[in-house]
Amino acid sequence: MNTTTLQFKAALAARLGEPYSDIVLLKPLKNGIRIMDKVTRKPLGGLAFDYLRNAGGVYVSCEVAGGIVHEVLAGLALPYESNLFNGDTMFFNSLSEERKEFSPDAGGVVRVHDGMDIDRTCGEIVERLARHHIPKMERLLAVGEGLIDDVAANPLHYAYPLPVIAICLLRNGCQDVDAALAPYARNKRIARNRNLDFLAALKAHPLCASPAGTHRP
């Protein structure tokens, strides 16, 4: 690893304490950020940087493996396997990004090279994480309404896209979940099949109950 790469890694690590969240605790690490519950300090997921020697740069991976949606899905019996290769509820990395949210270059890798402006590049990375990646993880953990748009846009980033949408509808007080979920069930990118048998279990699950005062059609 050359001097520029070492300097870049140190500079980036020094700035990972800058992002802030009202929803979760962000703990900076040497090569990423751990996401934790603010009350229990229980790990919920995180962001991790890795370096590709062949690409000459760094990319970021994001995962959520805790929180309300994760707990509900863990006890749900579904007739098909998760989209993900591990036990996460959400996982994605910048290598497959389409909107260049992490890197301005194709391929999702931020290039590290001699003569680069390390401080400016690290500042841009932290700003992009705070604008794109962390909010996406927050929406899943908070089960905010924006989560539905996130799942619809990138269903393969989620273990079970259709049940995640259903949980979000329930938590946000939707009065007719069956009707609201139907269009997503017809979308082959989101649903493995149109079977909504899991809805009964979700409707009875205490963690899927809408917080007091949260109701919508």
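Bear in mind that the values here come from a model prediction, so they are computed numbers and not experimental data.

### Structural notes on the overall build of the chain
Along the backbone of the chain there are seven helices and six strands. When the elements of the chain are put in sequence order from the N terminus, they spell out α-β-β-β-β-α-β-β-α-α-α-α-α. Radius of gyration (C-alpha) of the chain: 19 Å, near the 17 Å computed for a compact globule of 217 residues. A principal-axis box enclosing the C-alpha atoms of the chain has dimensions of 60 × 35 × 25 Å. Sequence-distant contacts, at least 24 apart, represent 60% of the contacts inside the chain between residues at least 6 apart. Carbon and sulfur atoms make up 50% of the accessible area of the chain, which totals about 11200 Å². Computed over 25 positive and 24 negative side-chain charges, the separation of the two mean positions in the chain equals 2 Å.

### Examining the pairing of strand 1 (residues 25–29)
Sheet analysis places strand 1 next to strand 2 (residues 32–36), joined by five bridges and oriented antiparallel. What sits directly across from Leu26, in strand 2, is Ile35. Taking the residues that link successive antiparallel strands as the turn, the strand 1-strand 2 hairpin has two residues.

### As for unusual backbone geometry
In this structure, Lys100 takes a positive phi of about 55° despite not being glycine. Structurally, Lys100 can be placed in the loop between strand 5 (90–93) and strand 6 (110–111). In this model, Val143 sits at a positive phi of 55°, which is unusual for a non-glycine residue. Among the structural elements, Val143 can be located in the loop between helix 3 (118–142) and helix 4 (146–153).

### Re the pairing of strand 5
Walk down a regular strand and you will see the side chains alternate between the two sheet faces. Where burial is concerned, the two faces of strand 5 agree: the one with Met90 and Phe92 and the one with Phe91 and Asn93 are both buried. The pairing of strand 4 (residues 57–64) with strand 5 spans four bridges and is antiparallel. Opposite Val64, over in strand 5, you have Met90 as the bridge partner.

### Focus on the packing of aromatic side chains
Given two aromatic rings, their pairing is described by the distance between the two centres and the angle made by the two planes. If you walk through the whole model with that rule in mind, you get four aromatic pairs. Measuring from centroid to centroid gives 6.3 Å for Phe8 and Tyr51, while their planes differ by 85°, and the two rings are edge-to-face. On the criterion of sequence distance, the pair formed by Phe8 in helix 1 (residues 3–15) and Tyr51 in strand 3 (residues 43–52) is long-range, its members being 43 residues apart. Taken together, a centroid distance of 6.0 Å and an interplanar angle of 50° make the contact between Tyr80 and Tyr160 tilted. A residue pair is termed long-range when its members are at least 10 positions apart, and Tyr80 in the loop between helix 2 (68–74) and strand 5 and Tyr160 in the loop between helix 4 and helix 5 (161–171) qualify at 80 residues. In this structure, Tyr80 and Tyr160 share a single accessibility class: buried.

### Things to note about the pattern of salt bridges
In this structure the tally under the stated criterion is five salt bridges. Across the salt bridge formed by Glu18 and Arg15, the nearest N and O atoms sit 2.9 Å from each other. With a relative accessible area of 44%, Glu18 lands in the partly exposed category. Residue Asp150 is joined to Arg139 by a salt bridge in which the shortest nitrogen-to-oxygen separation is 2.6 Å. Remark: Arg139 occurs in helix 3 and Asp150 occurs in helix 4; sequence separation between them is 11 residues. Assessed through its relative accessible area of 12%, Asp150 is described here as buried.

### Describing the environment of Gly46
Following the sequence through the fold, Gly46 ends up in strand 3. Residue class for Gly46 comes out buried when judged on its relative accessible area of 9%. As for Gly46 and His157, which are separated by 111 residues in sequence, their C-alpha atoms are 14 Å apart. Setting aside residues up to four positions removed in sequence, Gly46 forms contacts with Ile33, Arg34, Ile35, Ser61, Cys62, Glu63 and Met137.

Quick notes on the rules
- Residues numbered from 1 in each chain as written.
- Predicted model: local features only at pLDDT ≥ 70, side-chain atom pairs only at ≥ 80, totals over all residues.
- Heavy atoms only, no water.
- Helix = DSSP H or I, 4+ residues; strand = E, 2+ residues; numbered from the N terminus.
- Rg over C-alpha atoms; globule rule 2.2 N^0.38 Å.
- Contact = heavy atoms within 4.5 Å.
- Areas by Shrake-Rupley, 256 points an atom, 1.4 Å probe, with all protein chains shown as cover.
- Lys, Arg positive; Asp, Glu negative; His and termini not counted.
- Charge placed at Lys NZ, Arg CZ, Asp CG, Glu CD.
- Pairing = 2+ DSSP bridges.
- Buried < 20%, exposed > 50% of the residue type's maximum accessible area, 1.4 Å probe, protein only.
- Phe/Tyr/Trp six-rings, centres within 6.5 Å; stacked < 30°, edge-to-face > 60°.
- Salt bridge = Lys/Arg side-chain N within 4 Å of Asp/Glu carboxyl O.

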